[in-house]
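Single-letter residue listing:
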Amino acid sequence: MAMVLRLSAALLLTLLLAGCSKLFFYPMSPWVQNPENQGLQYEDIVLIHPRGMRIHGWWLPAASDAPARGTVYFLHGNAQNISTHMANVKWLPARGYNVFLLDYRGYGLSEGKPRLPDVFDDVQLGLDWLRHAERTDGAPLVVFGQSLGASMATSVLGEEDNAGAADCVILEAAFASYRDITSDVMKRSWLLWPLRWMVVPTMPDRALDPEERVAGIAPTPLLVMHSEDDPVIPYAHGERLYAAAQQPKTFQTLRGGHIESTRDPAVQQRLVDFMQDNDCAAEAPPGPAADSQPSGGDASTPALPVPAPITTPDNGYRF
């Protein structure tokens, strides 16, 4: 009994000291692959924080020799690094879009240790760089976040200083509240369940919640996507986020597992249609174009299917 009590006390102390970091971030340093393995051109980008910390990312240029239709700033979920999330955006260069994938501090080659809200600075750093980079050629800037990346993007873009920073915003499988998703995760473990009342209050203040910040994205066009089958972040979080957002906004129901949708051509086309319909795409270069599919525009849009999941190493809770 004494040993059980000591272990419980140690676990509680660890959770309280680590705060949200242990629950929200599961970084991995080694790359599983790089864009060249996927037949893509790429460039390593290193951004420097004012205090000298290096944040790494990949720049994937649009495949066409014509000017890019736009640039997509991709913010991934909480596990692994950009090498395992690249499949979600590797199709975009062929559709005429540049892509910038950022690894938060502690992920991949990025220095530091991930903590909230400190990681918001990494998201902001990438956003500021893209807004002033000559390589974007003045084409539209689209922020596309998945899971934790979508939630952090909302917290950052909803700040008053970032009004109009992006031309379109796409959020997939975002959660509405840092404290609420922490509670949801802890409820799944019989060991963590009784500790929720002590741990949840240590999470970021509700003023930083995506649900509180999402209205600040307007009048930038917003697409919120969430799978009814998501086993990680309940569908209700997507509904809450959409309800708190201001027009212009669109909700797209998905089917399938957590952040698996963009491997399906139908979902890829849905994103392209959204960008085109909301003036977030420069004129397409001459040549054959993919057949367009109806894009819809409200919460009643039919659910889009996704293919079978792609297995990746289990590295903790997937946000």
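Here the structure is a predicted model, which is why all the values come from computation and not from measurement.

Quick notes on the rules
Residues numbered from 1 in each chain as written. Predicted model: local features only at pLDDT ≥ 70, side-chain atom pairs only at ≥ 80, totals over all residues. Heavy atoms only, no water. Helix = DSSP H or I, 4+ residues; strand = E, 2+ residues; numbered from the N terminus. Buried < 20%, exposed > 50% of the residue type's maximum accessible area, 1.4 Å probe, protein only. Contact = heavy atoms within 4.5 Å. Pairing = 2+ DSSP bridges. Expected span 1.5 Å × (residues − 1). Disulfide = S-S within 2.5 Å. Phe/Tyr/Trp six-rings, centres within 6.5 Å; stacked < 30°, edge-to-face > 60°. Lys NZ or Arg CZ within 6 Å of the ring centre and 35° of its normal.

## Digging into the environment of G106
Tracing the chain through its elements places G106 in the loop between β6 (97-102) and α4 (120-132). A residue is classified by how much of its surface remains accessible, and G106, at 15% relative accessible area, is buried. Taking the C-alpha atoms as reference, G106 lies 9.9 Å from H56; in sequence the two are 50 residues apart. Once you skip the residues sitting within four places of it in the chain, G106 turns out to touch P27, S29, E111, G112 and P114.

## Describing the pairing of strand β7 (residues 141-146)
For β7, the buried fraction is high: 6 of the 6 residues fall into the buried class. The alternating pattern of β7 places L141, V143 and G145 and V142, F144 and Q146 on opposite faces, both of which are buried. Inspection of the sheet shows strand β4 (residues 70-75) paired to β7 by 5 bridges, in the parallel sense. The residue of β7 that forms the bridge with V72 is V142. Where β7 lies against strand β8 (residues 168-172), 5 bridges are found, and the strand directions are parallel.

## Description of α4
In a regular helix each residue adds 1.5 Å, so 13 residues correspond to 18 Å; α4 covers 19 Å between its end C-alpha atoms and thus fits that length. Those residues of α4 that sit buried are F120, D122, V123, Q124, L125, G126, L127 and L130.

## Some words on the state of the cysteines
With the rule as written, the count across this model stands at 1 disulfide. The disulfide partner of C168 is C280, and the gap between their sulfur atoms is 1.9 Å. The sign of the 90° torsion about the S-S bond sets the C168-C280 disulfide as right-handed. Here C168, found in strand β8, pairs with C280, found in the segment after α10 (265-277); they are 112 residues apart in sequence, far enough to count as distant. The pair C168 / C280 is uniform in exposure class, with both members buried.

## As for the packing of aromatic side chains
In this structure the tally under the stated criterion is 14 aromatic pairs. Between Y42 and W58 the ring centres are 5.8 Å apart and the planes differ by 70°, which places this aromatic pair in the edge-to-face class. Within this pair, whereas Y42 is found in the loop between β1 (26-27) and β2 (43-48), its partner W58 is found in strand β3 (residues 54-60), the two being separated by 16 residues in sequence. For the ring pair W59 and W129, a centre distance of 6.0 Å and an interplane angle of 90° mean the geometry is edge-to-face. Placement of the pair is W59 in strand β3 and W129 in helix α4, with a sequence separation of 70 residues. A residue is classified by how much of its surface remains accessible, and W59, at 5% relative accessible area, is buried. Three or more aromatic residues link up through ring pairs in this structure, and these residues are F24, F120, F175 and Y178. The ring of W59 is capped by R135, whose NZ or CZ atom sits 5.1 Å from the centre of that ring. Over the ring of Y242 we find K249, and its NZ or CZ is 4.4 Å from the ring centre.

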